[in-house]
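Residue strings, one per chain:
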Amino acid sequence: MQKTEVNFEMKLVSSLEKVFLDEIPVYRPECMVLTGLKGETVSFQAACTTDSFAKERVDVVLESPIREYMHIRSVENVPVGRACCPKVDDNYLKTTSGMYPDLLRELKEGKADIFPGKWRSLWIDIEIPEDMEPGVYDIRISLEKDGSILCQSDTQIHIFDAVLPKQKIMHTEWFYPDCLADYYQVPVFSEEHWKIIENFLHEYVKRGGNMILTPLFTPALDVAVGKERTTTQLVDVKVKSGQYQFGFERLKRWVDLCRRCGIRYFEMSHLFSQWGAMYAPKIVADIDGREEKIFGWHTPAVGQYTEFLHAFLPELKEKLKEWGISQNTWFHLSDEPREEHLDSYRAAKESIEGLLDGFHTFDALSSYEFYRYGLVDKPIPGNNEIEEFLSHGLTDMWTYYCVGQFYEVSNRFMSMPSMRNRIYGLQLYKYQIVGILHWGYNFYNTQFSTEHINPYEVTDAGGGFPSGDAFLVYPGADGFPEESIRMMVHEEALQDLRACQLLESLAGREFVMDCIEGELAEPMTFKCYPKSDMYLLQLRNRINREIAKRAELLI
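The shown structure was predicted, so the numbers you read here are calculated from the model rather than taken from an experiment.

Draft legend 1. Fine view of the overall build of the protein chain. On a plain count of helices and strands, the protein chain comes out with 12 helices and 24 strands. On C-alpha atoms alone, the protein chain measures out to a radius of gyration of 25 Å, which is about the 24 Å that the 2.2 N^0.38 rule sets for 555 residues. Taken along its principal axes, the extent of the C-alpha atoms in the protein chain is 85 × 60 × 45 Å. The burial tally for the protein chain puts 60% of its 555 residues in the buried class. Contacts spanning at least 24 positions in sequence make up 75% of the contacts within the protein chain whose residues lie at least 6 apart. Total accessible area on the protein chain is roughly 22600 Å²; 48% of this is exposed by carbon and sulfur atoms.

Draft legend 2. Region of interest: the packing of aromatic side chains. Inspection of the entire model under this criterion finds 39 aromatic pairs. Where Phe246 meets Phe312, the ring centres are 5.2 Å apart and the plane angle is 55°; that geometry is what we call tilted. Of this pair, Phe246 sits in strand β14 (residues 243–247) while Phe312 sits in helix α4 (residues 304–322), placing them 66 residues apart in sequence. Of the two residues examined, Phe246 and Phe312, each falls in the buried class. Site record: aromatic cluster; members linked through ring pairs are Phe217, Tyr244, Phe246, Phe248, Phe272, Phe295, Tyr305, Phe308 and Phe312. Here Arg229 stacks its cationic end above the ring of Tyr176, 4.5 Å away from the centre of that ring.

Draft legend 3. Representation of the sheet that holds strand β6 (residues 98–106). Across the sheet, five strands lie side by side as β1-β3-β8-β5-β6; this open sheet has antiparallel pairing. Since the sheet does not close on itself, it has two edges, and those belong to β1 (8–14) and β6, each with one partner. Across the sheet, the axes of successive neighbouring strands diverge by a mean angle of 30°, strand direction being ignored. By the bridge criterion, eight bridges tie strand β5 (residues 70–80) to β6 in an arrangement that is antiparallel. Bridge pairing in β6 places Arg73 opposite Glu106.

Draft legend 4. Quick look at the side chain of Lys317. Locating Lys317 in the fold gives a position in helix α4. Among buried Asp, Glu, Lys and Arg side chains, Lys317 stands out as unpaired, with Glu318 the closest opposite charge at 6.8 Å. Among residues more than four places away in sequence, those in contact with Lys317 are Gly354, Leu355, Leu356 and Phe359.

Draft legend 5. Local environment of the pairing of strand β17 (residues 290–295). In this structure, strand β16 (residues 283–287) lies alongside β17, joined through five bridges in antiparallel fashion. Along β17, the bridge assignment pairs Val284 with Lys293. Linking β16 back to β17 in an antiparallel pair, the connection comprises two residues, with Asp288 at a positive phi of about 55°.

Draft legend 6. Focus on the environment of Lys145. Tracing the sequence through the fold places Lys145 in strand β9 (residues 135–145). In sequence terms Lys145 and Val409 are 264 residues apart; their C-alpha atoms lie 45 Å from each other. One polar contact links Lys145 to Glu56, side chain to side chain, over a distance of 2.7 Å.

Draft legend 7. Helix α2 (residues 191–206), seen in detail. Its 16 residues give α2 an end-to-end C-alpha distance of 23 Å, which sits within 8% of 22 Å, the value for a rise of 1.5 Å per residue. The complete set of buried residues in α2 reads His193, Trp194, Ile196, Ile197, Asn199, Phe200, Leu201, Glu203 and Tyr204.

Draft legend 8. Region of interest: the packing of helix α1 (residues 177–184) against α2. One can describe the packing of α1 onto α2 by two numbers: an axis separation of 10 Å at closest approach and a directional angle of 120°. In terms of orientation, α1 lies oblique with respect to α2. In the crossing of α1 with α2, the sense of the turn from one axis to the other is right-handed. On α2, the residues that touch Pro177, Leu180, Ala181 and Tyr184 of α1 are His193, Ile196, Ile197 and Phe200. Here the contact of α1 with α2 is built from residues that sort into seven nonpolar, one polar and no charged.

Draft legend 9. Local environment of the pattern of salt bridges. Per the stated rule, a full pass over the model turns up 40 salt bridges. One salt bridge in this structure joins Glu228 and Lys293, with 2.4 Å as the shortest N-O distance. On the criterion of sequence distance, the pair formed by Glu228 in the loop between β12 (211–214) and β13 (236–240) and Lys293 in strand β17 is long-range, its members being 65 residues apart. For Arg250, the salt bridge is made with Asp236, and the minimal N-O distance between the two is 2.7 Å. Placement of Arg250 in helix α3 (residues 249–261) and of Asp236 in strand β13 is noted, with a sequence separation of 14 residues between them. When salt bridges with common partners are traced through the structure, they connect Glu40, Arg422, Glu492, Asp496 and Arg540 into a single cluster.

Draft legend 10. Layout of the side chain of Ser334. By secondary structure assignment, the location of Ser334 is in the loop between β18 (329–331) and α5 (342–351). With relative accessibility at 0%, the residue Ser334 sits in the buried group. There is a polar contact of 3.5 Å between the side chain of Ser334 and the backbone nitrogen of Gly276. What Ser334 contacts, discounting residues up to four positions off in sequence, is His270, Phe272, Ser273, Gln274, Trp275, Gly276, Ala277, Tyr345, Asp363 and Ala364.

Draft legend 11. The arrangement of the environment of Pro25 in detail. In this structure, Pro25 sits in the loop between β1 and β2 (34–38). When near neighbours in sequence (up to four residues on either side) are disregarded, Pro25 contacts Lys11, Val13, Ala47 and Trp119.

Draft legend 12. Seen up close, the environment of Cys515. Note that Cys515 resides in helix α11 (residues 509–517). For Cys515, a relative accessible area of 7% puts it in the buried group. Expressed as a C-alpha distance, the spacing of Cys515 and Leu539, which sit 24 residues apart in the sequence, is 7.2 Å. Aside from chain neighbours lying at most four places away, what touches Cys515 is Leu539 and Arg542.

Definitions and limits used
- Residues numbered from 1 in each chain as written.
- Predicted model: local features only at pLDDT ≥ 70, side-chain atom pairs only at ≥ 80, totals over all residues.
- Heavy atoms only, no water.
- Helix = DSSP H or I, 4+ residues; strand = E, 2+ residues; numbered from the N terminus.
- Rg over C-alpha atoms; globule rule 2.2 N^0.38 Å.
- Buried < 20%, exposed > 50% of the residue type's maximum accessible area, 1.4 Å probe, protein only.
- Contact = heavy atoms within 4.5 Å.
- Areas by Shrake-Rupley, 256 points an atom, 1.4 Å probe, with all protein chains shown as cover.
- Phe/Tyr/Trp six-rings, centres within 6.5 Å; stacked < 30°, edge-to-face > 60°.
- Lys NZ or Arg CZ within 6 Å of the ring centre and 35° of its normal.
- Pairing = 2+ DSSP bridges.
- Axes fitted to C-alpha atoms, helices over the stretch in contact; angles between N-to-C directions.
- Lys, Arg positive; Asp, Glu negative; His and termini not counted.
- Salt bridge = Lys/Arg side-chain N within 4 Å of Asp/Glu carboxyl O.
- Polar contact = N/O pair within 3.5 Å; in protein donor to acceptor, adjacent residues only side chain to side chain.
- Expected span 1.5 Å × (residues − 1).
- Parallel < 35°, antiparallel > 145°, perpendicular 65-115°, else oblique.
- Left-handed = near helix turned anticlockwise from the far one by under 90°.
- Nonpolar A, V, L, I, M, F, W, Y, C, P; charged D, E, K, R; others polar.

Geometric descriptors of this kind do not, in isolation, establish any biological role.
As structure tokens, this is what we get:
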């Protein structure tokens, strides 16, 4: 029998490409010019396939003078049930259910599986240290087996002699300790749970998270009325002779851990229920040695709970001052109130009038009316609604996106092109946004938290949200997070923002905006922006060159 020749193929593609199993990727040389500044991560992909009869397990070999700063992972496909909302625009890759590339997984023993007739990619990061010698460095990636080279590709990266400045923008992705305890099946705030929390915090900070949602009491977020999330309460409460007593030891441990991991800002969990501030959050207390639920869906926001807050908040504020974080602490009242909730939100706010004086307060909302009536100190509108706020002259704005920001604006659903994720950085720069929020760093429940899920099998919160909305990281088998391409591209957006800020410090804001908009038919907004990978990749390379040119003059 004649031996059939087996062929392997590799194509280098940018980090903005999504390599689907049944679509032949296109090598675009205009998108594969790699440049970087010191202190940032530059990523690209190697898409691979074979015409063999069975899958082939091969060695992945990276060769480069900077190999020690390179990290390679496989891009795994995950099941997408709900790809999008019923209404879509023309800037989606797909709108159908199927397998989508998203999960980044470490190679085992430096090997990868190459599948016959299917395209999959390898994800390569170049983590550039701040003290790296500038220059052009060659990179070769090869697939090998039994000492033979099956296929290989070459590229290079130009590292410029300038350091990317530290991140200024405040960034919170809502971090859920209850979902970690539920998935890993460990007792809440056991030593094992604390270790898992720390593992996830390190990744969170590494990718640009610097503000952390802090569960004073179990967060009243995405939970059905009358239902409960697993109790994660950092503050101990005792009721003795009708008086409230508070223990802050666990909260202090949380604060210390977060600060060690690099967290700079603390976001206190919401003091009232989501969507209207009509109820208290779930709070458990020790009453004569028995744990009882003293507040929750059965408790109106104003009344007995008001007495509790008047006892609790003054003590909490003193602790925050004692720990030196009072100026970096933000408080929420209720998440996403709508216009029909104006009265209940006002009543909740008035019930704690004066208790949060001297502290930052903010809430995600859609209606400008809350700000117009003075009910919200710092509004956080969605990026599809922020222009109304900007038109009224508001500055130092925050913004967010989630499931509701599915049309025209930037977001990070798996069904969207990665460009739609990364363009966020330029938009944040143009509008001088000071903070960004997202509700789902690791939400591993169905919508309204009616059930726990395995996010490797269910990526759409049980059909509640388009896949990619509810979490950015996967819970790895060893208690460490596994990242996604959405996570990495979001970090690229934040790096673009920092690069623009650096160039502004050297050449002025007008010059940077001309770089961004000079070749566009109309100004960039949150709803109108370039949609080609080449635009963003070439723009970033130009910004890097302009920075390097001016940095040389300062030496």
